[in-house]
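Residue-level structural notes
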Amino acid sequence: GVALTMTSANLGVGLLRFTKIGDPKDNQLQYTTWDKGVWTPVAQLGNNTTKGWPSIAAATTTAQAVFHGQDNNLYYAAYVNGAWTPAAEAIGSQSTTFAPDIAALGANAAIIYNNSANANRISIRERNGGVWGNILQLSANFAANYPPDLLTLTSGPELIGLWPFFTNNVNTIRYAFRTAGVWGAGAAPEILYVHRPHIGT
């Protein structure tokens, strides 16, 4: 998995999970930066490894990232002034094998993930002023087979979270908005769905 963002200083920051069976670098979390058309060599982010693809976002000169550690916990990293500070801040939340997603809220951020401590239900956690807030369960719905997404919006609500939900043999989409700092309940658009294909005789 690969993740890429551009800061307000026009600096590109990319993350990737390196995988190669038998290689000492297998599952290593790596990064690169882009500045004025030049990419830096790919290097390991701290001593970190990850069991899923990372996520990264920026709304200021800081690039903020979240990744799923080999110990099954979630970690936060921030690229500030040419260095990762922090490189692996424990969020204190567990996730399933599905990767989390992050969205920037100016200098703050929010993550969305499958909460294994709560029957895999989709949960949100926000970081404000360097402090992680309480876990918020968006609804009783939970994702099936795929990770959730979190997006920063340019007008209206600040964020939208989206996740798949399997019901009645159909994969549907659930969503929730964050408006004026408050999350709404998970809802399902009537026209947005993906039907599981079936081949029979």
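Just so you know, these numbers come straight off a predicted model, no measurement behind them. Position labels on residues start from 1 in each chain and follow its written sequence. It should be noted that, the model being predicted, local features are given only for residues of pLDDT at least 70 and side-chain atom pairs only at 80 or more, the latter also being counted only at that level, while totals for whole chains, interfaces and linings use all residues. Here the side-chain values reflect all heavy atoms present in the structure, with hydrogen atoms and water set aside.

**Focus: the overall build of the protein chain**
The secondary structure listing takes helices from DSSP runs of H or I that are at least 4 residues long and strands from runs of E that are at least 2 residues long, numbered from the N terminus. For the protein chain, the count of helices and strands is zero helices and 20 strands. A 1.4 Å probe rolled over the protein chains alone gives each residue an accessible area, and that area as a share of the maximum for its type sets the label: buried under 20%, exposed over 50%, partly exposed in between. For the protein chain, with 201 residues in total, the buried portion stands at 43%. Residues are treated as being in contact if the distance between any of their heavy atoms lies within 4.5 Å. Long-range contacts, defined as pairs at least 24 residues apart, comprise 36% of the intrachain contacts of the protein chain with a sequence gap of at least 6. Here the protein chain displays about 10,400 Å² of accessible surface, and carbon together with sulfur accounts for 55% of that area. Methods summary: accessible areas were calculated by the Shrake-Rupley approach with a probe of 1.4 Å, and residue burial reflects only the protein chains presented.

**Observations concerning the environment of threonine 40**
One can find threonine 40 in the loop between strand 4 (38-39) and strand 5 (43-49). C-alpha of threonine 40 to C-alpha of valine 13: the two residues are 27 residues apart in sequence and 9.8 Å apart in space. Here threonine 40 is in contact with Thr32 and Thr33, once residues within four sequence places are set aside.

**Observations concerning the nonpolar core**
Val13, Leu15, Leu45, Ile56, Tyr79 and Trp84 are the most contacted members of the largest nonpolar core, which has 15 residues in total. Those elements that place two or more of their residues in this core are strand 2 (12-18), strand 3 (28-35), strand 7 (63-68) and strand 8 (73-80). Not counting the four nearest positions on each side in its chain, valine 13 is found in contact with Ala3, Leu4, Thr5, Thr7, Thr32, Thr33, Ile56, Ala63, Tyr79 and Trp84. The set of buried Ala, Val, Leu, Ile, Met, Phe, Trp, Tyr and Cys residues whose side-chain atoms join them within 4.5 Å is what this entry labels a nonpolar core.

**Quick word on the pattern of salt bridges**
The rule for a salt bridge is simple: a side-chain nitrogen of Lys or Arg has to be within 4 Å of a carboxyl oxygen of Asp or Glu. Counted under the stated rule, the structure contains four salt bridges. Put simply, glutamate 89 and arginine 127 hold a salt bridge, and the shortest N to O gap is 2.9 Å. Taken as a pair, glutamate 89 in strand 10 (residues 89-94) and arginine 127 in strand 13 (residues 121-128) lie far apart in primary sequence, 38 residues in all. A relative accessible area of 12% means that arginine 127 is categorised as buried. Between arginine 178 and glutamate 158 there is a salt bridge, with its nearest N and O atoms 3.3 Å apart. Of this pair, arginine 178 sits in strand 18 (residues 170-179) while glutamate 158 is found in the loop between strand 16 (149-152) and strand 17 (159-167), placing the two residues 20 residues apart along the sequence. Since its relative accessible area comes to 11%, arginine 178 is described here as buried.

**Describing the pairing of strand 7**
Where burial is concerned, most of strand 7 is hidden: six out of the six residues are buried. Here strand 7 shows a buried face lined by Ala63, Ala65 and Phe67 and a second buried face lined by Gln64, Val66 and His68. As judged from the four bridges shared by strand 6 (residues 55-58) and strand 7, these two strands associate in the antiparallel manner. If you follow alanine 58 over to strand 7, its bridge partner there is alanine 63. Between any two strands, at least two bridges found by DSSP are needed for them to pair. Note that strand 7 and strand 8 share six bridges and pair antiparallel. Bridging across to strand 8, histidine 68 finds its partner in leucine 74. In this antiparallel pair of consecutive strands, strand 7 and strand 8, the connection spans four residues, and asparagine 72 shows a positive phi of 75 degrees.

**A few points about unusual backbone geometry**
Along the chain, threonine 85 connects to proline 86 via a cis peptide bond; the corresponding omega equals 0 degrees. Note on placement: proline 86 falls in the loop between strand 9 (83-84) and strand 10. The backbone of asparagine 10 sits at a positive phi, close to 60 degrees, despite the residue not being glycine. Assessed through its relative accessible area of 53%, asparagine 10 is described here as exposed. For asparagine 27, which is not a glycine, the phi torsion comes out positive at approximately 70 degrees.

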